[in-house]
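Inside the fold
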Amino acid sequence: MQKSIIQKRIYLITFLLYIVLWILNENHKTLFFKSSIGLSYWILDVTIMVPLLFQFVFNNKIGWVFILSLLVVHTFWTFINIYKSSDSNFAIITIVSLYLIAFVLMYYLYPKNQNE
């Protein structure tokens, strides 16, 4: 029960951090522009914020799988772009380290049944 509360707080903190960074980077100015994958930025923002709020409220496996899927897609997309444009080993090691942290956190955030 306590782990569930911590997990929900992590999702809320992540959501709030996303909003703060969104404001600080002035992303509202590019809200209706197209991203490099052809979608408007507002669609990408909603795609990130809704699952985080869903997990904050419900904290179930469906939301967790959706967030993990977004992380996996983002990881592959990032590595493809890094290998196309960067020869710096330091940049690659840094990116791999950040994604490892994200995947370890997702392992911790996996919602277990209440009986376990």
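Computed from a predicted model, the values in this text were never measured in an experiment.

Calculation notes
Residues numbered from 1 in each chain as written. Predicted model: local features only at pLDDT ≥ 70, side-chain atom pairs only at ≥ 80, totals over all residues. Heavy atoms only, no water. Helix = DSSP H or I, 4+ residues; strand = E, 2+ residues; numbered from the N terminus. Buried < 20%, exposed > 50% of the residue type's maximum accessible area, 1.4 Å probe, protein only. Contact = heavy atoms within 4.5 Å. Areas by Shrake-Rupley, 256 points an atom, 1.4 Å probe, with all protein chains shown as cover. Expected span 1.5 Å × (residues − 1). Arc of directions from axis to C-beta.

Focus on the overall build of the protein
- Summing up its helical and strand segments, the protein has four helices and zero strands in all.
- Along the protein, helices and strands appear, N-terminal first, in the series α-α-α-α.
- Projected onto its principal axes, the C-alpha positions of the protein cover 50 × 35 × 25 Å.
- Looking at the 116 residues of the protein, the share that counts as buried comes to 22%.
- A separation of at least 24 residues holds for 59% of the contacts in the protein among residues at least 6 apart in sequence.
- As presented, the protein carries roughly 8,600 Å² of accessible surface, and 73% of it is formed by carbon and sulfur atoms.

Focus: helix α4 (residues 89–108)
- Taking 1.5 Å per residue, 20 residues should reach 28 Å; α4 reaches 29 Å between its end C-alpha atoms and fits that length.
- Listed in full, the buried residues belonging to α4 are Ile92, Tyr99 and Met106. Buried residues of α4, viewed axially, fall in a sector of 50°; they line one side. For α4, the exposed residues lying more than 90 degrees away from the buried face are Phe90, Ile93, Leu98, Leu100, Ile101 and Val104.
- The elements touched by buried residues of α4 are α3 (61–85).

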